[in-house]
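Now for the letters of each chain:
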Amino acid sequence: METHVNGEINVEKRKKQIGIIGAGISGLVACKHALEQGFNPIIFESSNCIGGVWSNTIESTKLQTPKDFYQFSDFAWPKSVAETFPNHNQVKDYIESYALHFNILKHIQFNTKVVTVDYCCEDDGEEIIAAGCDNLWGGTGRAFSPKCKWVVTVMDLLRPLHSHKVYEVDFIILCIGKFSGLPNIPHFPMNKGPEVFDGKVIHAMDYAEMGSVNATAIVKDKRVTVIGFQKSAIDLAAEVARLNGVKHPCTLLLRRVHWTVPEGFLKLSLRNLNRFSELMIHKPREGFFLWFLAILLSPLFAETYLKWIYPLKKYNMVPDHGFLRQISSCMFTVLPADFYKRVEEGSLILKKSKSYCFCKKGLIIDEEENLPLKTDIVIFATGYRSDDKLCNIFSSAYFQKCITGSSTPFYRECIHPRIPQLAILGYSESPAILYTTEMQSKWLVHFLAGKFKLPTIAQMEEDVLRWEKCMQRYACKYYKRACVSVLLQIYCNDLLCRDMNLNPRRKKKMLSELFAPYKPSDYQRSV
């Protein structure tokens, strides 16, 4: 085996083929870090560009996160971007600059859709995996197997009638994202769905993919109803209200109210997420002292502040759950600055409903058939079926069940204990997803380089069960396995650093270590 000599690339690593599916942010950082470790990865991207959701979004979209928390650790924002919350074009340019700077584009196969992935072994792969929970991941606890590979079947979208191509890879990194691809459309009883409606029905994904000019033409001077109350629904409704004004008000139809915050609140919150503030949050395996501190320091002020700055009571928009419970399930939304101004003037109408269905002229709300909500266009901003999207990429029913048959999080948020030679990046959610994903990518590539091995399957499954129990304490019925690190970013980064045999303490002074915020730039150095 040839090894590093005077900077020459390790030939043995070059022989290991790493397949990355998706050229969004997670795919780009995975490729960049794999290249740094001497691998030669290949990225399969179904579209003709990079950037994931940032390549197709509505015109008014901008970062919810201050840019110093949403940046690559070793590639700063250009000085020309002075805004704290850059718009979507600035974010897209930044991502493209990163890919150019680190020479990533030549590793991407564009317009290449992955149809399916199959795990193939000299022996029966699924028997090896299911043999027992005391076994090591993939039989060795290492990233690669001498007997097993993944077979990736792809389709050239520019020549869809041509035969599918097949690639053999030693390791797969799934970077297919959670907020694209497979929209979540509610099901309706027969004769009560979109088929009986005379108007147009689309999903927010379709609206974003139209581009600014076409999207504007679709909704201009139309009665538009947006369904949902997460980020895309709020941004979309505010955008339509600005465009059409009070003459053609936009209706925002929602079942459940969530807490929303102004830009300044999120900026202040992130800059106060430090080691001291994380003492407020319960953790797996914590001792009595940390448990007691978490009880004493629980936040109390956020809900009072939000009720004070927004007319929530006036418009019956006070949520029935606590603020901490909501952010524990990654439901955090920055409200457009003019949102309630639009409500006050009448260009935006807020309407709560327990149920709705379609009729010829619009929507029937809460079974009030005599008072239909007349509308020309209905836009579902109801999210995506991310687990189904993840599940559908596997041909194996066993692996599909691994994804859908449990609500436990992934080990270190990117490894499923029962799916070997594969990692999932960009699945976990946080206020600063780039920050989270880049840390996981660094950890993953250290693992690919053989710098540590995974615990046994049983130990990993025990660990993720503890995380599930811990996070359910806060999120309760809103618990999502993708959100285990949302309140404990520094703590989770500490775990990753220790696995990589790196010092988790990144500050130079004790007071800074305890009270200063942690940012991506703190993890630029590998010490």
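That block above? That's the structure.
None of these values were measured; they are calculated from a predicted model. (Residues numbered from 1 in each chain as written. Predicted model: local features only at pLDDT ≥ 70, side-chain atom pairs only at ≥ 80, totals over all residues. Heavy atoms only, no water.)

*Asks:* A description of the packing of helix 15 (residues 433-448) against helix 17 (residues 489-499) should follow, citing residues and the corresponding values.
*Replies:* Between helix 15 and helix 17, whose axes approach to 9 Å, the crossing angle comes to 15°. If you check the angle between helix 15 and helix 17, you find them roughly parallel. For the element pair helix 15 and helix 17, the recorded crossing hand is left-handed. Residues Tyr435, Thr436, Met439, Gln440 and Trp443 of helix 15 pack against Gln489, Asn493, Leu496, Cys497 and Asp499 of helix 17. Split into classes, the residues belonging to the contact of helix 15 with helix 17 amount to five nonpolar, four polar and one charged. (Axes fitted to C-alpha atoms, helices over the stretch in contact; angles between N-to-C directions. Helix = DSSP H or I, 4+ residues; strand = E, 2+ residues; numbered from the N terminus. Parallel < 35°, antiparallel > 145°, perpendicular 65-115°, else oblique. Left-handed = near helix turned anticlockwise from the far one by under 90°. Contact = heavy atoms within 4.5 Å. Nonpolar A, V, L, I, M, F, W, Y, C, P; charged D, E, K, R; others polar.)

*Asks:* So what's going on with the state of the cysteines? Residues and values would help.
*Replies:* A full pass over the atoms with the stated rule returns two disulfides. Between the sulfur atoms of Cys121 and its disulfide mate Cys148 the distance is 2.0 Å. Classification of the bridge connecting Cys121 and Cys148 rests on its S-S torsion, roughly 115°, and on that basis the disulfide is right-handed. Residue Cys121 is found in strand 4 (residues 112-121), and its partner Cys148 is found in strand 5 (residues 148-156); the two are separated by 27 residues along the sequence. Accessibility assignment for this pair places Cys121 and Cys148 in one class, buried. Disulfide partner of Cys330: Cys483, at an S-S distance of 2.3 Å. Placement of Cys330 in the loop between helix 11 (323-328) and strand 12 (333-334) and of Cys483 in the loop between helix 16 (457-475) and helix 17 is noted, with a sequence separation of 153 residues between them. (Disulfide = S-S within 2.5 Å. Buried < 20%, exposed > 50% of the residue type's maximum accessible area, 1.4 Å probe, protein only.)

Just geometry here; none of it tells us what the structure is for.
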